[in-house]
There are 2 protein chains.
Amino acid sequence: MNDIVYLNGAFVPRDQATVSVDDRGFLFGDGVYEVVRVVGGVYVDGDRHRARLRRSLSELHLPDPAADGVDLLAIGSELLERASIGSHGEAVVYMQVTRGAAPRRHAFPPAGTPPTVFVSAWVFLPKREQMASGIAAITHADLRWQRCDVKSVNLLPNVLANQQATEQGAYEAILLRDGVVTEGTHSNVFAVVNGVLRTHPNGPTILPGVTREVILELARDTGIEVLEQALTAAELRRAEEVFFTGTTTDVMPVISIDGRRVEGGSPGPIARGLGERLTARMGAIAGKH
Amino acid sequence: MNDIVYLNGAFVPRDQATVSVDDRGFLFGDGVYEVVRVVGGVYVDGDRHRARLRRSLSELHLPDPAADGVDLLAIGSELLERASIGSHGEAVVYMQVTRGAAPRRHAFPPAGTPPTVFVSAWVFLPKREQMASGIAAITHADLRWQRCDVKSVNLLPNVLANQQATEQGAYEAILLRDGVVTEGTHSNVFAVVNGVLRTHPNGPTILPGVTREVILELARDTGIEVLEQALTAAELRRAEEVFFTGTTTDVMPVISIDGRRVEGGSPGPIARGLGERLTARMGAIAGKH
């Protein structure tokens, strides 16, 4: 991809896109982000991502670029056009807003300090092979803060748990807090227990995943019994199916956890069915435009 | 101060010191930092800060610049020389190491990705008036992650709590986790309860403060009874004295919490005594060189 990004009002080559060492994103992780999927040149659930970004900004009292007429998704579309991904490509658009650059102190900088606004896009292909075969996961203590509902760039615990997974040859880590499964390091977790599709309810300890929400809708539409109730570690061990969901994860079946096979040891029917429906839904969104 | 900073091997003007938008400090808060006090041109407890930085880097499996012969404190000294703070000034040196710039993914970047190394220095004068009069504090829920012993730049919860304090006209927030006082947003917390000097024991929920350690030593030397045991919220409310400690906080007496006067409503004798000893100790360190 022609590597142009958007930074603070300008389209610039990635290797010239830099932020001040005094940027609060760099000094404090004081910012939020959003990742939106593009299929056939069209955003998938752009409005839901836009709403979640607005909420993240609001919860942290960050300035909202939209208030100044800056539409990050429109900027993302322009990046796709410039990269000639335009009307056919599969991509993701990454957008991040931080509280800007200012002399270092913990409290917010003076009013009027312009936020740092960064948008980037790159080609993204779904992980079809891994979705078909299923992947390995590990469990890991959920060490994160208590506002995981905000999509902030304070991602160090996610990084460390994901690195653990990688080092153990796994795709992702399932995070456990106080004995229950919360979510993955960059995905939500679903499991089928006694035929019921379970996932952690929304609240401060998980991200309200856009794909999580869509999967719940698709499952209910299909007549699958759904329960938004946290899974215990014991329930996870005896689940009939386990899968991750996410913007770049789609529906990713888990076939082993900590080296133990999940029942059957291959992607289960509910994960496969929902994965197909999700793919079909994306195709329909792309086709409509 | 002549505004030169050190970034990745070069001394550059601050307004030209920038990092890539792909820096993992900016994208994930994937880095650690240290702040060291300079009095009379001399580091205060430089070795303890160096050891803590080494530990932070090691805990996060970050590359240690020292392994490549890069001594961040020596770089800080050079910044002070260039700024003509040299042999007389009062300053702080800020140093930060992130996991470098790489295409965004949660797991660590490829081995050999150079870390981003940033050092900055600025004039710092102790807050003598506030120390003399005492300051207001608020209490705030401790929303941070469970590795607060690592001095990482994942500081969003600290930022939010400190901003709350600022908006309420207070100097700092006292963080409460599971009903006990852990520390401040950028300081440790001490209190005198029934004549005993108390502070939270070291462990994953607090930063092992260098000044905290020094204050414990000074208190023991003076014959003050010391107990490293977490303070409950109820004990905090009836404490005879409360104070913050830190590299840029020294000993800062708290005279009100959430608008309620701490006993007497003025700095207590233990805080004042330890504050004087800390100042004298810094003077002695400066004088020795």
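Relevant structure appears above.
The following paragraphs examine the structure supplied in this document.

Structural notes on the sheet that holds strand 6 (residues 91–98) of chain B
Working step 1: Taking strand neighbours across the sheet as the criterion, the 6 strands line up as 2-1-7-6-4-5 (chain B) in an open arrangement whose pairing is antiparallel. Of all the strands in the sheet, the pair left with one neighbour each is strand 2 (10–13) and strand 5 (42–43) of chain B.

Here we look at the layout of surface pockets
Working step 1: Computed from the structure, the largest pocket encloses a volume of approximately 1,100 Å³.
Working step 2: Around the largest pocket, the lining comprises 49 residues; the ones closest to its centre are His186 and Thr248 of chain A together with Arg104, Arg105 and His106 of chain B.
Working step 3: Mapped onto the lining of the largest pocket, the elements with two or more residues apiece are strand 4 (31–39), strand 6 (91–98), helix 5 (156–167), strand 10 (180–184), helix 6 (210–221) and strand 15 (241–246) of chain A.
Working step 4: In terms of residues, the lining of the largest pocket owes the most to one element, helix 5 of chain A, which gives 4 residues.
Working step 5: In terms of residue class, the lining of the largest pocket is built from 19 nonpolar, 18 polar and 12 charged.
Working step 6: If you add up the space inside the second largest pocket, you get close to 820 Å³.
Working step 7: Among the elements of the structure, strand 4 (31–39), strand 6, helix 5 (156–167), strand 10 (180–184), helix 6 (210–221) and strand 15 (241–246) of chain B are those that each provide at least two residues to the lining of the second largest pocket.
Working step 8: For the lining of the second largest pocket, a count of residues per class yields 15 nonpolar, 17 polar and 8 charged.

A word on the packing of helix 2 (residues 46–59) of chain B against helix 6 of chain B
Angle between the axes and distance between the axes are the two parameters that describe a pair of packed helices.
Residues and elements named next belong to chain B.
Working step 1: Packing of helix 2 against helix 6 brings their axes to within 10 Å, and their N-to-C directions diverge by 130°. Relative to helix 6, the element helix 2 lies oblique. The two elements helix 2 and helix 6 cross, and the hand of that crossing is right-handed. Touching Arg48, His49 and Arg52 of helix 2 are Val210, Glu213, Val214 and Glu217, all from helix 6.
Working step 2: Residue composition of the contact of helix 2 with helix 6, grouped by class: 2 nonpolar, 1 polar and 4 charged.

Things to note about the relation of the copies chain B and chain A
Working step 1: Turning chain B through 180° and shifting it by 0.0 Å along the axis lays it on chain A, with an RMSD of 0.0 Å. Look at the turn and shift together and you get a two-fold axis relating the two.
Working step 2: Comparing contact sets, 100% of the residues at the interface of chain B also lie at the interface in chain A, consistent with an isologous, same-surface contact.

Notes on the interface of chain B and chain A
Working step 1: Between chain B and chain A, the contact holds 50 residues from the first and 50 residues from the second.
Working step 2: For the chain B face of the interface with chain A, the top three residues by lost area are Phe26, His106 and Leu156 of chain B, together amounting to 18%.
Working step 3: Taken together, the links from chain B to chain A amount to 2 salt bridges.
Working step 4: Of the charged contacts, one joins Asp22 of chain B and Arg14 of chain A as a salt bridge, the two residues approaching to 2.9 Å between their closest N and O atoms.
Working step 5: Taken together, chain B and chain A are joined by 24 residue pairs in polar contact (both at pLDDT 80 or more).
Working step 6: Taken together, the elements giving at least two residues each to the side of chain B that touches chain A come down to strand 3 (18–20), helix 1 (24–28), strand 4, strand 6, strand 7 (116–123) and helix 5 of chain B.
Working step 7: In terms of residue class, the side of chain B that touches chain A is built from 21 nonpolar, 18 polar and 11 charged.

Topic: the pairing of strand 16 (residues 250–257) of chain B
Regular strands place side chains that alternate from one sheet face to the opposite one.
All names here are of chain B.
Working step 1: Within strand 16, 8 of the 8 residues are buried, leaving the element largely enclosed by the surrounding structure.
Working step 2: Relative to strand 16, strand 8 (residues 135–141) runs parallel, the two being bridged by 3 bridges. What sits directly across from Ile135, in strand 16, is Val254.
Working step 3: Two strands pair when backbone bridges link them, and strand 15 and strand 16 are joined in this way by 5 bridges, in the antiparallel orientation. The residue bridging Phe243 from the neighbouring strand is Pro253, located in strand 16.
Working step 4: The turn linking strand 15 back onto strand 16 is made up of 3 residues.
Working step 5: Two strands pair when backbone bridges link them, and strand 16 and strand 17 (residues 260–261) are joined in this way by 2 bridges, in the antiparallel orientation. Residue pairing across strands places Ser256 opposite Arg261, the latter belonging to strand 17.

Each value, and the rule that gives it
Residues numbered from 1 in each chain as written. Chains lettered and ligands numbered in written order. Predicted model: local features only at pLDDT ≥ 70, side-chain atom pairs only at ≥ 80, totals over all residues. Heavy atoms only, no water. Pairing = 2+ DSSP bridges. Helix = DSSP H or I, 4+ residues; strand = E, 2+ residues; numbered from the N terminus. 1 Å grid on protein atoms, 1.4 Å probe; cavity = no way out; pocket = protein on both sides within 12 Å on 5 of 7 lines; lining within 4 Å. Points joined across faces, edges and corners; volume = space filled by probe spheres on them. Nonpolar A, V, L, I, M, F, W, Y, C, P; charged D, E, K, R; others polar. Axes fitted to C-alpha atoms, helices over the stretch in contact; angles between N-to-C directions. Parallel < 35°, antiparallel > 145°, perpendicular 65-115°, else oblique. Left-handed = near helix turned anticlockwise from the far one by under 90°. Contact = heavy atoms within 4.5 Å. Least-squares fit on C-alpha atoms with pLDDT ≥ 70 in both. Buried area = accessible area lost by both parts, 1.4 Å probe. Salt bridge = Lys/Arg side-chain N within 4 Å of Asp/Glu carboxyl O. Polar contact = N/O pair within 3.5 Å; in protein donor to acceptor, adjacent residues only side chain to side chain. Buried < 20%, exposed > 50% of the residue type's maximum accessible area, 1.4 Å probe, protein only.

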